[in-house]
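# Results of the structural survey
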Amino acid sequence: MEYILETEGLCKSYGHFQALKDLSMHVPKGSIYGFVGKNGAGKTTLIRLICGLQLPTAGSYRLYGTESTAREITKTRKRMGAVVETPAIYYDMTAAENIRQQYRVLGRPGKAGVFELLELVGLGGTGKKKARNFSLGMRQRLGIAVALAGDPDFLVLDEPVNGLDPQGIVEIRELILRLNREKNITVLISSHILDELSRLATHYGFIDRGSMLQEISAKDLENVCRKCVRVTVSDINALVQVLDSMGMEHIIRSDTAADVYGTVDITELTLALAEKNCKVAAIQEQDETLENYYINLVGGDSHA
Ligand code: ADP
């Protein structure tokens, strides 16, 4: 597999505090990589390192195969756009002026592409309105447009939906999907909002207290977070006996319910239960959520 970003044994200390510990990470080309961790886990620290805003204490990383210590890394980084912490925009400028300002920073003359870029992020109609008067979601999208001004093929977004209202969240989600699918941009998104990430990510990296706990593709994760069927009955002992006799894997959830894994033959199950005078109150499909998976991975504590 081709990776846009690979880190190896990356460490970052602030004084005696180790914010990143021996972190290995692999962002596949073309992916939307969800970088998941609680507040303070080390997500922004990693992003600051790969953007060249800070230096690692130990370890290294490769961007498009270029070593972080190589002279060419500065040039390679130009293929990357990032919105770190708050969007880097000027509030007393319009959306178009912000993009042209970024063009100047990048040494790119003229204004070709400004309107297309604003259209792409859904800000084509903002005219003379200054960024100061934009909603939070519009500012975030302008920040993304500024990050896209150098035509990067790798976009790094640090907590892009933090603080946005539901409409703003949907707009950012749709934009990220469009950039990935239509413009072939690889996206690294850090977030602690797992439900939102699960609608986007093709790959995940789970970080806790500066360490990478696991990297997994969304496909593999889906197989691990297996679907199960929750069966609610009048007699849990009868249900357990029947499931054991059928060789079905199950977990008892309460005095009246159990989750059954694998393919369940509902007719066979209900007939066998009826023979034991056990009534079936409900049969429902369940999904183990990404959040549950993450909580099990970090070992407790519900907020990611
Ligand atoms: P996240 O982005 O996952 O919320 P951060 O990378 O911002 O986490 O922070 C990781 C840890 O490093 C936190 O405990 C934070 O307080 C600490 N930290 C971050 N930046 C600094 C800094 N400049 N000086 C000291 N500690 C820092």
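Keep in mind the model is a prediction, meaning the values are calculated, not measured. (Residues numbered from 1 in each chain as written. Predicted model: local features only at pLDDT ≥ 70, side-chain atom pairs only at ≥ 80, totals over all residues. Heavy atoms only, no water.)

Next up on the list: the overall build of the protein chain. When helices and strands are counted, the protein chain shows eleven helices and 14 strands. Judged by the C-alpha coordinates and their principal axes, the protein chain covers about 80 × 45 × 35 Å. Residues classed as buried in the protein chain amount to 48% of the 304 residues present. In the protein chain, the share of contacts with a sequence separation of at least 24, taken over all contacts with a separation of at least 6, comes to 67%. (Helix = DSSP H or I, 4+ residues; strand = E, 2+ residues; numbered from the N terminus. Buried < 20%, exposed > 50% of the residue type's maximum accessible area, 1.4 Å probe, protein only. Contact = heavy atoms within 4.5 Å.)

It is worth spelling out the domain arrangement of the protein chain at this point. Split by domain assignment, the protein chain resolves into domain 1 (3-218) and domain 2 (226-287). Taking only C-alpha atoms, the centre of domain 1 and the centre of domain 2 are 46 Å apart. (Domains from an automatic or database assignment.)

Taken together, the residues surrounding the ligand are Tyr-14, Phe-17, Ala-19, Lys-38, Asn-39, Gly-40, Ala-41, Gly-42, Lys-43, Thr-44, Thr-45 and Arg-48. Here Ala-41 contributes a backbone N or O atom positioned 3.1 Å from an oxygen atom of the ligand. In isolation the ligand exposes 560 Å². Once the protein is present, 63% of that is buried. Elements supplying a minimum of two residues to the shell around the ligand: β2 (17-28) and α1 (43-50). In terms of residue count, α1 provides more of the shell around the ligand than any other element does, four residues in total. Grouping the constituent residues of the shell around the ligand by class yields four nonpolar, five polar and three charged. (Near = heavy atom within 4 Å. Polar contact = N/O pair within 3.5 Å; in protein donor to acceptor, adjacent residues only side chain to side chain. Areas by Shrake-Rupley, 256 points an atom, 1.4 Å probe, with all protein chains shown as cover. Nonpolar A, V, L, I, M, F, W, Y, C, P; charged D, E, K, R; others polar.)

Compared with the 18 Å implied by 1.5 Å per residue over 13 residues, the 18 Å span of helix α5 (residues 136-148) between its first and last C-alpha is a close match. Among the 13 residues of α5, eleven are classified as buried, and the element is accordingly described as predominantly covered. Taken as a whole, α5 has its buried residues at Gly-137, Met-138, Gln-140, Arg-141, Leu-142, Gly-143, Ile-144, Ala-145, Val-146, Ala-147 and Leu-148. Against the buried residues of α5 lie β6 (80-83), α3 (95-106), α4 (114-120), β7 (154-158) and α6 (166-182). (Expected span 1.5 Å × (residues − 1).)

So, on to the sheet that holds strand β8 (residues 186-191). Spatially, six strands are ordered β6-β7-β8-β3-β9-β10 in an open sheet, and the strand pairing comes out mixed. Two strands close off the open sheet at either side, each with one partner strand: β6 and β10 (211-217). On average, adjacent strands in this sheet sit at an angle of 15° to one another, irrespective of strand direction. Direction of pairing for β6 relative to β7: parallel, over a ladder of four bridges. Counted as the bridge partner of Met-80 is Phe-154 from β7. Running over the sheet, α5 touches β6 and β7 and is turned about 160° from β6. (Pairing = 2+ DSSP bridges. Axes fitted to C-alpha atoms, helices over the stretch in contact; angles between N-to-C directions.)

A word on the packing of aromatic side chains. Inspection of the entire model under this criterion finds three aromatic pairs. Between Tyr-204 and Phe-206, the ring centres sit 5.7 Å apart and the planes meet at 10°, which makes this aromatic pair stacked. Here Tyr-204 falls in the buried class, since its relative accessible area comes to 3%. Take Phe-206: its relative accessible area is 0%, and that puts it in the buried class. Members of the aromatic cluster, connected to one another through ring pairs, are Tyr-204, Phe-206, Tyr-293 and Tyr-294. Looking at Arg-79, its charged tip hangs above the ring of Tyr-64, at a distance of 3.7 Å from the centre. The ring of Tyr-103 has Arg-108 lying over it, and the distance from NZ or CZ to the ring centre is 4.2 Å. (Phe/Tyr/Trp six-rings, centres within 6.5 Å; stacked < 30°, edge-to-face > 60°. Lys NZ or Arg CZ within 6 Å of the ring centre and 35° of its normal.)

Attention now goes to the nonpolar core. Within the largest apolar cluster, 49 residues are counted, with the highest numbers of intra-cluster contacts made by Ile-99, Leu-142, Ile-144, Leu-148, Tyr-204 and Phe-206. Apart from residues no more than four positions distant in its own chain, Ile-144 is found in contact with Val-83, Leu-155, Leu-157, Ile-172, Leu-175 and Leu-179. Core analysis: the second largest hydrophobic core is formed by 26 residues, Ile-4, Leu-5, Leu-46 and Tyr-61 among them. (Core = buried A, V, L, I, M, F, W, Y, C linked by side-chain atoms within 4.5 Å.)

Before going further, it helps to spend a moment on unusual backbone geometry. The residue Glu-159 is not glycine, and still its phi comes out positive at about 45°. Mapped onto the fold, Glu-159 is located in the loop between β7 and α6. With a relative accessible area of 12%, Glu-159 lands in the buried category. Non-glycine residue Asn-277 carries a positive phi angle of around 55°. When you line up the elements, Asn-277 lands in the loop between α10 (266-275) and β14 (280-287).

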